[in-house]
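Here is how the chains run, residue by residue.
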Amino acid sequence: MKWQGRRQSRNVEDRRGAAAAGGAGILLMLLRLIIGRFGIRGLLIVGVIGVGLYMAGVNPVALLQGGPASTQSAEPIDDATSQFVRVILAETEDVWSQLFEASGADYPEPTLVMFSGSVNSACGYASAAVGPFYCPADRKLYLDASFFEEMRQRFNVPGDFPAAYVIAHEIGHHIQTVTGISDQVRSAQQRARGESEANAYQVMMELQADCYAGVWAHYADRTSGFLDDGDIEEGLAAAAAIGDDTLQRNAGRRVTPESFTHGTSEQRKRWFTQGYRNGDMDGCDTFNASQL
């Protein structure tokens, strides 16, 4: 990908420097429980814990007083990962702003939050284990950048474009939110006759987000010369690697389509390709498609 030297988005919150403060509330509760339960002995236990916390960069005195817990800087980290994420987000802003403008609407740019380990969002507390996600309640994308390395090592998907595909997919959920599709899907899920039907609606929404990621790639490639040869193949490999059937099979589990929430590897590849080839949002209507 030709991403170096391009415009970087300002809509990024880098919370990685504040990682040590992320669990302050939980630690405070545990320390107070220890003191309340063991009295003087509890104070000794807390003292030992306090030394460990300080060594880890957390101010135990401030923690007990309810103040800022971190002794580390919460300044944004200007590394290659941050620069890459900012460029990709800027590219999505450029494409979707133009597409919305063409339809007579303004594109409300979302914020992307980079974090380490865990994060609090308007949708609740989440750890890095959940992977990248979009929270419609605050219209922010949440991304633990270690997921990029996980894609390379665990899923054996090399290259830069898979990381861009992941961001573009979450932007797809933002598009669904601002256009009202997400609300319609949630309403349909509430009326669903069981978990299997509710999951089917979720699969349609995820595949549409894949298609929207393809629409972005279509314009990023054709209007700004952003992609290199082989990037789309890398994106298709990433889509295949995180299909529900592939994930279940690789985990040694029986493939159960009724439990799918994101779609099969083949479906994810097909809908990304649909968006990339046509560059048409209307062509991403997975909810009325004759075949997923």
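This is a predicted model, so every value here is computed, not measured. (Residues numbered from 1 in each chain as written. Predicted model: local features only at pLDDT ≥ 70, side-chain atom pairs only at ≥ 80, totals over all residues. Heavy atoms only, no water.)

### Let's talk about helix H5 (residues 161–178)
Taking 1.5 Å of rise per residue, 18 residues should cover 26 Å, and H5 covers 25 Å from first to last C-alpha, within 8% of that figure. Across the 18 residues that make up H5, a large majority, 17, are buried. In the segment just after H5, glycine 180 is the residue with positive phi, at about 90°. (Helix = DSSP H or I, 4+ residues; strand = E, 2+ residues; numbered from the N terminus. Expected span 1.5 Å × (residues − 1). Buried < 20%, exposed > 50% of the residue type's maximum accessible area, 1.4 Å probe, protein only.)

### A word on the environment of isoleucine 175
Secondary-structure assignment places isoleucine 175 in helix H5. Given a relative accessible area of 0%, isoleucine 175 falls into the buried group. Spatially, the C-alpha atoms of isoleucine 175 and arginine 139 are 10.0 Å apart, while their sequence positions differ by 36 residues. The contacts of isoleucine 175, once residues within four sequence positions are left out, are Trp96, Phe100, Tyr107, Tyr212 and Met281. (Contact = heavy atoms within 4.5 Å.)

### Some words on the sheet that holds strand S2 (residues 111–115)
On the basis of which strands lie adjacent, the open sheet formed by four strands has the order S1-S2-S6-S5 and mixed pairing. For this open sheet the edge positions go to strand S1 (12–14) and strand S5 (133–135), each flanked by a neighbour on one side alone. Averaged over all pairs of adjacent strands, the angle between their axes in this sheet comes to 25°, without regard to strand direction. Inspection of the sheet shows S1 paired to S2 by three bridges, in the parallel sense. The partner of valine 12 across the bridge, within S2, is leucine 112. Here H5 sits on the sheet and contacts S2, S5 and strand S6 (140–144); the angle it forms with S5, its principal contact strand, is near 25°. (Pairing = 2+ DSSP bridges. Axes fitted to C-alpha atoms, helices over the stretch in contact; angles between N-to-C directions.)

### Things to note about helix H4 (residues 146–153)
For H4, the set of buried residues is Phe147, Phe148 and Met151. The buried side chains of H4 occupy one side of the element, clustering within an arc of 105° when seen end-on. Contacts from the buried residues of H4 go to helix H3 (80–102), S6, H5 and helix H8 (231–241). (Arc of directions from axis to C-beta.)

### Some words on the state of the cysteines
Within this structure, the stated rule accounts for two disulfides. For cysteine 123, the disulfide goes to cysteine 135, at an S-S distance of 2.1 Å. Residues cysteine 123 and cysteine 135 share a disulfide whose torsion about the S-S bond is about 95°; that sign makes it right-handed. Here cysteine 123 is found in the loop between strand S3 (118–121) and strand S4 (124–127), whereas its partner cysteine 135 is found in strand S5, with twelve residues between them in sequence. One disulfide in the model links cysteine 211 with cysteine 284; its S-S distance is 2.0 Å. Note on the cysteine 211 and cysteine 284 pair: the S-S dihedral is about -70°, so by sign convention the disulfide is left-handed. Taken together, the residues span a long stretch of sequence, with cysteine 211 in helix H7 (residues 195–224) and cysteine 284 in the segment after helix H10 (265–278) at a distance of 73 residues. (Disulfide = S-S within 2.5 Å.)

### Quick notes on the nonpolar core
Counting residues in hydrophobic clusters, the biggest one holds 57 residues, and the most contacted among them are Trp96, Phe161 and Trp216. In terms of residue count, the dominant contributor to this core is H7 (ten residues). If we skip the residues at most four places from it in the chain, tryptophan 96 touches Tyr107, Ile171, Ile175, Tyr212, Val215, Trp216 and Met281. (Core = buried A, V, L, I, M, F, W, Y, C linked by side-chain atoms within 4.5 Å.)

### Some details on the packing of aromatic side chains
A complete count under the given rule lists nine aromatic pairs for this structure. Ring centres of phenylalanine 84 and phenylalanine 148 lie 6.3 Å apart, and the angle between their planes is 85°; this geometry places the pair in the edge-to-face category. One end of the pair, phenylalanine 84, is in helix H3; the other, phenylalanine 148, is in helix H4, and 64 residues separate them in sequence. For the pair phenylalanine 84 and phenylalanine 148, a shared accessibility class is recorded, and that class is buried. One aromatic cluster is present, formed by Phe161, Tyr165, Trp216, Phe226 and Phe272 through successive ring pairs. (Phe/Tyr/Trp six-rings, centres within 6.5 Å; stacked < 30°, edge-to-face > 60°.)

### Observations regarding the packing of H3 against H7
Taken N-terminus to C-terminus, the directions of H3 and H7 make an angle of 95°; their axes are 10 Å apart at the nearest point. Classified by the angle between their axes, H3 and H7 sit roughly perpendicular to one another. For the pair H3 and H7, the contacting residues are Glu91, Thr92, Val95, Trp96 and Leu99 in the first and Tyr212, Val215, Trp216, Tyr219, Ala220 and Ser224 in the second. Taken together, the residues that form the contact of H3 with H7 break down as eight nonpolar, two polar and one charged. (Parallel < 35°, antiparallel > 145°, perpendicular 65-115°, else oblique. Nonpolar A, V, L, I, M, F, W, Y, C, P; charged D, E, K, R; others polar.)

### Concerning the confidence of the model for the chain
When pLDDT is averaged along the chain, the result is 84; 79% of the residues meet or exceed 70. Under a pLDDT of 50 for its full length, residues 62–73 has, in the predicted model, 27 contacts with residues more than four places off or in other chains. (pLDDT = per-residue confidence, 0-100.)

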